Amino acid sequence: MYILYGGQFTRALIVEMVLAEGRLDYELREIDIVNQEHRAPEYLAVNPAGWVPALITPGGETLYETPAISLYLAEHHGLAHLAPKIDEAERGQFLSGLFYLTDELEPVMKRYFYPHRYVMREEDAPARKQQSIRDAMVCLSVIDQRLATGGPFHLGERFSLVDLMTAYWAAYLDTGKALDPYPALRRCIELVRQRPVLRDKFETWETMRAEYAALQAKGGGVR
Ligand SMILES: N[C@@H](CCC(=O)N[C@@H](CS)C(=O)NCC(=O)O)C(=O)O
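Within every chain, residues take consecutive numbers counted from 1 along the sequence as written. Predicted model: local features are reported for residues with pLDDT of at least 70 only, side-chain atom pairs are reported and counted for 80 or more only, and whole-chain, interface and lining totals are derived from all residues. The basis for every side-chain value is the complete set of heavy atoms in the structure, and neither hydrogens nor water enter the calculation.

Topic: the sheet that holds strand β2 (residues 26-30)
Using the following cut-off: Paired strands are those between which DSSP finds at least two bridges. Only DSSP runs of H or I covering at least 4 residues are called helices, and only runs of E covering at least 2 are called strands; the numbering of each starts at the N terminus. Only the contacting stretch of a helix is used when fitting its axis, a line to C-alpha atoms as for every element, and angles between N-to-C directions run 0 to 180 degrees. Should any heavy atoms of two residues lie within 4.5 Å, those residues are considered in contact.
Pairing within the open sheet is mixed, and its 4 strands lie in the order β2-β1-β3-β4. Strands at the two margins of the open sheet, each flanked by one partner only, are β2 and β4 (62-64). Here the average twist between neighbouring strands, direction ignored, is 25°. Where strand β1 (residues 2-6) lies against strand β3 (residues 54-56), 3 bridges are found, and the strand directions are antiparallel. Of the residues in β3, the one forming a bridge with Y5 is A54. Of the strands in this sheet, β1 and β2 are in contact with helix α1 (residues 12-21), which crosses β1 at around 150°. Here helix α3 (residues 66-76) sits on the sheet and contacts β1, β3 and β4; the angle it forms with β4, its principal contact strand, is near 120°.

Rendered as structure tokens:
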């Protein structure tokens with residue numbers, strides 16, 4: 001069985017979504033990142049980067065990096081509804097969409113979550129966060145334009161891992177009317193969230209966001 005190191009306030013939820021899509025069994029080992037468990041020697045022995053998630057395969061291999069873990073699961077278990085095979089026509093578009101998320105949006109989201117790590121003075125952190133929201137919106141606008149010409153998913157009528165990950169990340173920025181200028185993106189997100197196997201995961205996501213906001217309001221959170 002797979003062992004997933006993940007838990008509250010982490011993108012391990014993306015991996016859980018992929019595991020749900022594949023109906024794959026796993027044991028979840030909770031790492032409390034608010035209480036710094038990801039920096040404890042026990043976890044650093046699993047992933048020296050100190051990041052969550054990490055996945056131990058049934059064969060005992062340790063995998064890390066959310067997109068890599070997700071793609072591995074999809075390909076290893078032949079989940080063709082998540083990742084087109086290497087010889088399928090949609091493969092190029094799939095890889096382009098996936099790498100756009102990992103190379104462009106994900107680094108911006110790091111600055112959004114941990115702005116204090118990207119400034120010289122603590123008081124500049126709020127401005128850093130605002131800038132990362134603007135940067136993220138640029139990425140979402142690009143995604144919206146791509147979806148508007150070939151949607152409703154990144155691969156046209158065909159859902160994939162790229163849409164799942166887009167819906168996960170965009171949810172952080174979906175406050176008030178922020179996504180109103182991006183109707184194609186909104187439609188894609190709605191379709192992903194309606195997937196029966198993902199519904200409870202996105203509910204977990206909502207709870208997680210509310211709890212993290214409450215924590216931050218009290219001056220807590222991941223440093
Ligand atoms: N590139 C890694 C990043 C993982 C990552 O940053 N995870 C966050 C939780 S969502 C984390 O471990 N944060 C703790 C920290 O940065 O101190 C991935 O995609 O898996």
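Picking up after the structure, the text goes on.
Here we look at the site of the ligand
Formally: For each residue, the test is whether any non-hydrogen atom lies within 4 Å of the molecule or strand; if one does, the residue is near. Under the rule applied, a polar contact is a pair of N or O atoms within 3.5 Å (in protein, one hydrogen donor and one hydrogen acceptor; residues adjacent in sequence only if both atoms are side-chain atoms). Source of the domain bounds: an automatic or database domain assignment.
Around the ligand, a shell composed of 15 residues is seen, among which V52, E65, K110, Y114 and R117 lie nearest. At 3.3 Å, a side-chain N or O of R11 approaches an oxygen atom of the ligand. R117 is positioned such that a nitrogen or oxygen atom in its side chain is 2.7 Å from an oxygen atom of the ligand. Where the shell around the ligand is concerned, the elements lending two or more residues are α3 and α4 (91-113). Inspection of the shell around the ligand shows a minimum of three residues originating in each of domain 1 (2-76) and domain 2 (91-217).

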